[in-house]
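Residues per chain, in single letters:
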Amino acid sequence: MRVRCRLHLCVLFFCCPVLVFSQNDTGNVATSTTSAASNSDLITKRIEEYKKLEATATQRIAEIDKMLSPSKDLIAKRFGVSPEEYHFLKLQAENADAAKAYFKNLRDEMKKSYVTINDYFAGANAAILKNNLWYGNEENLVDEDVSFLGKLEDEITQHLDSLPNGAEMKALLAEKQQLLDKLAHPDEIVLYQLTRKDWFANRPDYMQAMQEGRSMPSAPEKNKP
Amino acid sequence: MALLAIAWRPIVAEEDASGRTITLEIITKNFDQNMDLLKKEIREQNVQDLIDVVRKQARSLSQSYLIHGGGNRDRLMQEKRDLRLKTHFIKADQDRLIEIDKEINAMDPNGMLSNESAALNSSISDLQDAVNALAPITPEDKDVNRLILQHLEFYSAAMTLAGLNDVKSGSTSKKGKK
């Protein structure tokens, strides 16, 4: 009889739907299945929110750029820098480390063939004859360009202050900067989901290396799937 | 059979955008021309003299290079580099590398190129030391010094491509030189 009862209990245990109760941060009781589903919804919601922000911010930045462009032209004329040049200097300043590495890597690459070595000598010849002695020093000049741009932007701000609608324009610039900052620093979870999710699935050697605590990759042949 | 062997070799001539084949001779000519211009920007007599020594030795090496293989040597050096870059290195590649080294050595049986490149490397090293010891006064001086050093780096790279920096007696290492 006792055995039979035990059997009935087992059947009951395995056949009934299992509800595991857990408490969330607010002290409310929730089932694990509900919790997993809501977490997934939350992540999807955060990704959607970021994508929405990205779309609206990009549009707003373009609008601000359009609104500020006539005065930018004027300022460019005032400082002797064309809008394209100004834009390029900004781009370079935003990627200063990459810019410096680019020129160093370019020179290293140029040393690898007769043609590019000769290109260096030909370029140097033209530069020396024009007294452009900074030729070949591009990576060190990036810092000078960044500093020049900083000075230029200070003067632009001062110039904006002196204009009748200067405050409005400065507010637009600040708004643009705020949007750029938001876009540049997305939530870590969103960033992971949008960029690196599952990337290691195609790297069996890396996964193996992590299991073995190994820092060196396997030989190339071994890496091939 | 020999013709067939030549036929399967990759085309390795280094041509610029206009289709002109770039050789060590052309590189040396341009290097020499630029070093002459840079020399005029230097005040120190000892550095000017060292520049002249390097230019003279580079011109002489370039001539010897032409005599001892020239384009053929360039093709063999390129083939050697291509073989070393192969991911699946087989015994036939190893044999070919040995054969290439033999062919290159046969082009310079008396080691003339080895001796000339060793002398040039030593002069380059002396010039580098002299330029590094200069105390530039103006930003222009600094630029000229950097340009000289860069020209030496690029010319040394060309010598390496020509197989002149891995010759037995031509060490470019500054270590142990003094």
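Predicted model, so just to flag it, every value in this text is computed and none were measured.

Chemist: Explain the overall build of chain B to me, please; I cannot follow it from the model alone.
Modeler: Of regular secondary structure, chain B possesses seven helices and zero strands. Moving toward the C terminus, one meets the helices and strands of chain B in the order α-α-α-α-α-α-α. Looking at chain B as a whole, 47% of its 178 residues qualify as buried. Taking contacts inside chain B between residues at least 6 apart in sequence as the whole, the part at least 24 apart equals 74%.

Chemist: Sorry if this is basic, but what is going on with the overall build of chain A here?
Modeler: When helices and strands are counted, chain A shows 10 helices and two strands. Per-residue burial for chain A yields a buried fraction of 24% across its 225 residues. Pairs at least 24 residues apart make up 58% of the contacts formed inside chain A by residues separated by at least 6 positions. On chain A, roughly 16500 Å² of surface is accessible, and the fraction owed to carbon and sulfur atoms is 59%.

Chemist: Sorry, what's going on with the environment of A:Tyr120 here?
Modeler: With respect to the helices and strands, the residue A:Tyr120 is situated in helix H5 (residues 114-129). Of the residues examined, A:Tyr120 reaches a relative accessible area of 2% and is grouped as buried. In this structure the C-alpha to C-alpha distance between A:Tyr120 and A:Tyr135, which are 15 residues apart in sequence, comes to 9.6 Å. With sequence-adjacent residues up to four places away left out, A:Tyr120 is seen in contact with A:Met110, A:Tyr135, B:Leu147, B:Gln150, B:His151 and B:Phe154. Here the side chain of A:Tyr120 touches B:Gln150 through a polar contact of 2.6 Å, side chain to side chain.

Chemist: What should I look at first to understand the interface of chain A and chain B in this one?
Modeler: Accessible area lost on assembly of the parts is the figure often given for the size of an interface. Each partner contributes residues to the interface: chain A has 23 residues there, and chain B has 33 residues. Both faces considered, chain A and chain B share a buried interface measuring about 2500 Å² in area, 62% of it formed by carbon and sulfur atoms. If you sort the residues of chain A by the area they bury against chain B, A:Tyr114, A:Phe121 and A:Leu133 come out on top, with a joint share of 33%. Between the two partners, chain A and chain B, sit one salt bridge. Salt-bridge contacts for A:Lys111 lead to B:Glu153; the nearest nitrogen and oxygen are separated by 2.6 Å. Our count for the chain A to chain B interface comes out at 10 residue pairs in polar contact (both at pLDDT 80 or more). When contributions to the side of chain A that touches chain B are tallied by element, the ones reaching two or more residues are helix H4 (96-110) and H5 of chain A. No other element matches H5(A), which puts 10 residues into the side of chain A that touches chain B.

Chemist: Please clarify how the packing of aromatic side chains should be interpreted in this entry.
Modeler: Given two aromatic rings, one states the distance between the centres and the angle between the planes to describe the pair. Under the counting rule described, the total for this entry stands at nine aromatic pairs over all chains. Residues A:Phe121 and B:Phe31 carry aromatic rings whose centres are separated by 5.8 Å and whose planes lie at 50 degrees to one another, so their mutual orientation is tilted. Of the two residues, A:Phe121 sits in helix H5 while B:Phe31 sits in helix H2 (residues 24-39), which places them in two different chains. Considered together, A:Phe121 and B:Phe31 belong to a single accessibility category, that of buried residues. Three or more aromatic residues link up through ring pairs in this structure, and these residues are A:Tyr120, A:Phe121, A:Tyr135, B:Phe31, B:Phe154 and B:Tyr155. Above the ring of B:Phe154, the side-chain terminus of A:Lys111 is found at 5.6 Å from the ring centroid.

Reading the values: the criteria
- Residues numbered from 1 in each chain as written.
- Chains lettered and ligands numbered in written order.
- Predicted model: local features only at pLDDT ≥ 70, side-chain atom pairs only at ≥ 80, totals over all residues.
- Heavy atoms only, no water.
- Helix = DSSP H or I, 4+ residues; strand = E, 2+ residues; numbered from the N terminus.
- Buried < 20%, exposed > 50% of the residue type's maximum accessible area, 1.4 Å probe, protein only.
- Contact = heavy atoms within 4.5 Å.
- Areas by Shrake-Rupley, 256 points an atom, 1.4 Å probe, with all protein chains shown as cover.
- Polar contact = N/O pair within 3.5 Å; in protein donor to acceptor, adjacent residues only side chain to side chain.
- Buried area = accessible area lost by both parts, 1.4 Å probe.
- Salt bridge = Lys/Arg side-chain N within 4 Å of Asp/Glu carboxyl O.
- Phe/Tyr/Trp six-rings, centres within 6.5 Å; stacked < 30°, edge-to-face > 60°.
- Lys NZ or Arg CZ within 6 Å of the ring centre and 35° of its normal.

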